[in-house]
Amino acid sequence: MTLRAVVKGVGHYLPERVVPNSEFEDSLDTNDAWIRSRSGIQRRHFAAKDETTSTMASAAARAALTDASLAPADIDAIIVATSTADLTFPSVATMVQADLGMETGFAFDVQAVCAGFIYALSNANAMILSGQAKRVLVIGAETFSRIMDWSDRSTCVLFGDGAGALILEAQPGKGTPQDRGILSTDLNSDGRHKDLLYVDGGVSTGTTGYLRMQGNQVFRHAVEKLASTAQKAMERAGVSPQDVDWIVPHQANIRIIQGTAKKLGLSMDNVVVTVQDHGNTSAASIPLALSVGRERGQIKEGDLLVTEAIGGGLAWGAVVLRW
Ligand code: ACO
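The structure displayed is predicted, hence computed values, not measured ones.

**Q** Before we move on, could you go through the nonpolar core and cite the residues and values that matter?
**A** Note that soluble globular proteins tend to have their nonpolar side chains buried in a common cluster. Membership of the largest hydrophobic core comes to 45 residues, with the highest contact counts inside it found for Met234 and Val320. Secondary-structure elements contributing two or more residues to this core are helix 6 (215-237), helix 7 (254-263), strand 12 (304-311) and strand 13 (315-322). The dominant element in this core, judged by the number of residues it contributes, is helix 6, at 9 residues. If you count residues domain by domain, this core takes at least three from each of domain 1 (2-173) and domain 2 (181-322). Each residue touching Val320, except ones within four places of it in the same chain, is listed here: Gly181, Ile182, Leu183, Ser184, Ala233, Met234, Ala237, Val239, Leu304, Leu305 and Val306. The next biggest cluster of nonpolar side chains, apart from the first, holds 37 residues, and it includes Val110, Ala112, Ile118 and Leu121.

Laid out in structure tokens, this is it:
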């Protein structure tokens, strides 16, 4: 018997405040047309003053638990992918654990910036396959509005806040690509590119810092690395692009999403796109897209999905799963 980490539930949370591109026009030398044409973004959500990464993560977790008809006590582990933790420590995951009233199991954060959810899924899969956990709550949650330099038009118009959550459960499979659940993962990083995308704060400066990005340099790496990791993950899973129902990519830029789909030989009809409504929510973008894609009726049980992401580090990777 092959063990598989199968999706039991999905949910998301978006802050109430929606910020259209036009809101930046008063304070910055930018406009809706530039932001739309260069990134595909039309609007994003920003957290309210009393909202944090952990409160949004908890809301997404509750939605996923409801979707799965499970209680917090049914969960063995919580993994939160985030680069915008409420505090330096403890982890957001332990804050969510307390908020859900979960007194058993274990919880920790994973930090791989925009690739964080892929890294978290891979960790959850390994724990399920090794028998360390039967049910894992995997969350991506970010409050990037708190690390924006509002005078830098090349970054502050691109990011948004939100959270998405997935529950994975150990279930028997046949060991074939027809199984439901995670079929393969592929993780990569190359620290030589650490200066292309970073936050200039932390314990070394005593400040929270602001996001700094050489966007066009990151862009140059993105399509090639995303297509290659997706291809490696598909080979490992024993599937080909023609088998894929949905690519669920990290939602950073519509041009990167289109370029990657084209390189994989897939049509945009097979891509779940939310970047226009959410902007780049870093580690939250893939679980948000999974939840919204399911809500829209795009993602259905039995569909073959490829998720892929790249972000600061650089760190990138892909997961192939059958929903
Ligand atoms: N409004 C108007 N003009 C702008 C704006 C703006 N908001 N921002 C930049 N510009 C200008 C630049 O100053 C530049 O002007 P210049 O030619 O006079 O110097 C011009 O537009 C072109 O700038 P580029 O940076 O070359 O524009 P590009 O087409 O590359 O688009 C973007 C920029 C959207 C940032 C793109 O490079 C991108 O999406 N990069 C990848 C982002 C990404 O995927 N990040 C990884 C994940 S994020 C994470 O891990 C946290």
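On we go from here.
**Q** Could you give an account of the sheet that holds strand 8 (residues 181-189), naming the residues involved and the relevant values?
**A** Read from one edge of the open sheet, 4 strands run 8-13-12-11, paired in mixed fashion. Since the sheet does not close on itself, it has two edges, and those belong to strand 8 and strand 11 (246-249), each with one partner. On average, each strand axis in the sheet is inclined to that of its neighbour by 15°, with strand direction left out of account. Judged from the 8 bridges that link them, strand 8 and strand 13 form a sheet pairing that is antiparallel. By the bridge assignment, Ser189 is partnered in strand 13 with Ala315.

**Q** Outline the sheet that holds strand 1 (residues 2-13), supporting the account with residue identities and numerical values.
**A** The strand order 1-7-6-4-5 describes an open sheet built from 5 strands, whose pairing is mixed. Two strands bound the open sheet, and with one partner strand each, they are strand 1 and strand 5 (106-110). Across the sheet, the mean angle from the axis of one strand to that of its neighbour is 20°, orientation sign disregarded. With 11 bridges joining them, strand 1 and strand 7 (residues 161-173) adopt antiparallel strand pairing. Of the residues in strand 7, the one forming a bridge with His12 is Gly164.

**Q** Report on the state of the cysteines, specifying residues and quantitative values.
**A** Joining two cysteines, a disulfide is a covalent bond between their sulfur atoms. Tallied over the full model, the rule gives 0 disulfides. No disulfide involves Cys156; its sulfur sits 16 Å from the nearest other cysteine sulfur, which is in Cys114.

**Q** Run through helix 9 (residues 285-295), naming residues and quoting values.
**A** Taking burial as the measure, the 11 residues of helix 9 include 9 buried ones, the bulk of the element. Of all the positions in helix 9, only Ser285, Ile286, Pro287, Leu288, Ala289, Leu290, Ser291, Val292 and Gly293 are classed as buried. Just past helix 9, the residue Gly297 takes up positive phi, approximately 85°.

**Q** Report on unusual backbone geometry, specifying residues and quantitative values.
**A** At the junction of Phe89 and Pro90, the peptide bond is cis and its omega measures out at 5° in the coordinates. For the bond running from Gly313 to Leu314, omega is -10°, close enough to zero to count as cis. Its place among the elements puts Leu314 in the loop between strand 12 and strand 13. For Ser282, which is not a glycine, the phi torsion comes out positive at approximately 50°. Turning to its location among the elements, Ser282 is positioned in the loop between helix 8 (275-278) and helix 9.

**Q** Account for the packing of aromatic side chains, naming residues and giving values.
**A** Tallying each qualifying case throughout the model produces 3 aromatic pairs. On the basis of an interplanar angle of 5° and a centroid distance of 6.4 Å, the ring pair of Phe106 and Phe108 is categorised as stacked. Of the residues examined, Phe108 reaches a relative accessible area of 23% and is grouped as partly exposed. Judged by centre distance (5.3 Å) and plane angle (25°), the ring pair of Phe144 and Phe159 falls under stacked. On the criterion of sequence distance, the pair formed by Phe144 in the loop between strand 6 (135-143) and helix 5 (153-156) and Phe159 in the loop between helix 5 and strand 7 is long-range, its members being 15 residues apart. Here Phe144 matches Phe159 in class, with each residue buried. The ring of Trp316 has Lys225 lying over it, and the distance from NZ or CZ to the ring centre is 5.1 Å.

Calculation rules
Per-chain numbering applies: the sequence of each chain, read as written, is numbered from 1 onward. In keeping with the predicted nature of the model, local features appear solely for residues at pLDDT of at least 70, side-chain atom pairs appear and are counted solely at 80 or more, and the whole-chain, interface and lining totals rest on all residues. As a rule here, side-chain values come from all non-hydrogen atoms in the structure, and water together with hydrogens is ignored. To qualify as a nonpolar core, a set must consist of buried Ala, Val, Leu, Ile, Met, Phe, Trp, Tyr and Cys residues joined through side-chain atoms within 4.5 Å. Whether a residue is buried, partly exposed or exposed follows from its accessible area with a 1.4 Å probe, protein chains only, as a fraction of its type maximum: under 20%, in between, or over 50%, in that order. Under the scheme used here, helices are H or I runs from DSSP no shorter than 4 residues and strands are E runs no shorter than 2 residues, and both carry numbers assigned from the N terminus. Here the limits of each domain have been adopted from an automatic or database domain assignment. We call two residues contacting when some pair of their heavy atoms lies within 4.5 Å. Note on pairing: two strands pair once DSSP finds at least 2 bridges between them. Angles shown run from 0 to 180 degrees and are taken between the N-to-C directions of axes, each axis being a line fitted to C-alpha atoms and, for helices, limited to the stretch in contact. Pairs of cysteine sulfur atoms within 2.5 Å are identified as disulfides in what follows. The pairing test for Phe, Tyr and Trp rings, Trp by its six-membered ring, is centres within 6.5 Å, and the orientation test on the planes gives stacked under 30 degrees, edge-to-face over 60, and tilted for anything in between. Each ring is checked for a lysine NZ or an arginine CZ that lies within 6 Å of its centre and within 35 degrees of its normal; such an atom marks a charge sitting over the ring.

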